[in-house]
Structure formats: C-alpha cells, structure tokens
Amino acid sequence: MEQAQHQQYMRRAIELSRTNVATGTGGPFGAVIVKGGMVIGEGANQVTARNDPTAHAEVEAIRAACAHIGNFDLSGAVIYTSCEPCPMCLAAIYWARLERIYFANTKVDAAAINFDDDFIYREFAKAPAARTIPMTQLMRDEAMQAFKEWGSSTGKIPY
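Every value quoted in this text rests on a predicted model; they were computed, and no experiment measured them. (Residues numbered from 1 in each chain as written. Predicted model: local features only at pLDDT ≥ 70, side-chain atom pairs only at ≥ 80, totals over all residues. Heavy atoms only, no water.)

Q: Help me understand the overall build of the protein chain in this model?
A: The helix and strand tally for the protein chain stands at seven helices and four strands. The C-alpha extent of the protein chain, read off along each of the three principal axes, is 55 × 40 × 25 Å. Split into buried and exposed, the 159 residues of the protein chain put 30% on the buried side. Accessible area for the protein chain stands at about 10300 Å²; split by element, carbon and sulfur atoms hold 57% of it. Each charge sign in the protein chain was given a centre, from 15 positive and 17 negative side chains, and these centres are 2 Å apart. (Helix = DSSP H or I, 4+ residues; strand = E, 2+ residues; numbered from the N terminus. Buried < 20%, exposed > 50% of the residue type's maximum accessible area, 1.4 Å probe, protein only. Areas by Shrake-Rupley, 256 points an atom, 1.4 Å probe, with all protein chains shown as cover. Lys, Arg positive; Asp, Glu negative; His and termini not counted. Charge placed at Lys NZ, Arg CZ, Asp CG, Glu CD.)

Q: Is there a simple way to explain the pairing of strand β3 (residues 78-83) in this structure?
A: Strand residues, when the strand is regular, have side chains that alternate between the two faces of the sheet. With six of its six residues buried, β3 lies for the most part within the structure. Here strand β1 (residues 30-35) pairs with β3 via four bridges, running antiparallel. Of the residues in β3, the one forming a bridge with Val34 is Val78. Sheet topology note: the β3/strand β4 (residues 100-105) ladder contains five bridges and is parallel. When the bridges of β4 are listed, Cys83 appears paired with Asn105. Following the chain from β3 across helix α4 (residues 87-96) to the adjacent parallel β4, one finds a crossover that is right-handed. (Pairing = 2+ DSSP bridges. Right-handed = clockwise from strand over helix to strand, strands pointing away.)

What follows is the structure in structure tokens.
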C-alpha cells in the first residue's frame, strides 16, 4: 500500500477524533480498520456518551468491522488509530488478529492530557494478589467443569 493511502486512512482516524471532541461525544480518539483496500470499520471514543468504559475508539472500530464482515476474525486487516492503543485496546487488537497497527499520538502524548495508561501497564506486571484491585481465586474446581466441557465439545468454534 502506498504512503498516501496510509495517510488517507490515518487522516480519517484523526478526523473522527477531532469530530468527537467538537461534538462532545467522547474523548479525542478515532480509529479506522481497513482490509483489502476497503474501510470495514470505524470508531470514535464513546465512553461518556454510552456510559461504557470499554467503548474506546479501537474497540468500537473492531465491533463495527466484525459486524460488517460477519466474523470475529479480522486477519489481514489493518487498524489506523489516532493514538497508541491503551492496554485494553491493544489486547482487543490481538484478539481480533489484526495484522498491523498504525498510530499517530503516543501514550506519552495521551498522558500529557490525563489519559495515563502507565498505571494499568504497571498493574499487569504485578502478581494478582499485589494489584490495586484485590483479586481472590474462588471455586476453581467447579469452574473447571466448563473448561472440561469446552475441551471435549465437538460443536465449539475455536477463537
């Protein structure tokens, strides 16, 4: 793909982020997903508009792209995002199997306007019992039954 095409898709992600600020519908983040030279999903941050802390631009774009193609697997697709993805969005990008990430602003730029993901990155590195939000394992033996059933199921759709 030519540099001009990459810039076109990034400009659209940036436009989504700026429109979001102008309309007051969410934070300054936009994302575009492209596959085979076609935009298959777009998203802008909708956290405050939807009262949904998971409604980040990248997640919204992934949801739109999956709905558009009718599949949870976005292999072969590329995401253009106005900012380096946060930990949640980065994980979602991996789960969706996107093949490449292009980003504009950095996580340092985001931290400068009070979107600081560094705390979450530091939390991930800690043992579960040492995290700020206490984590306690409970009823593993009972919960393992679902895992055993999944493991032996012939009707499962792996992802």
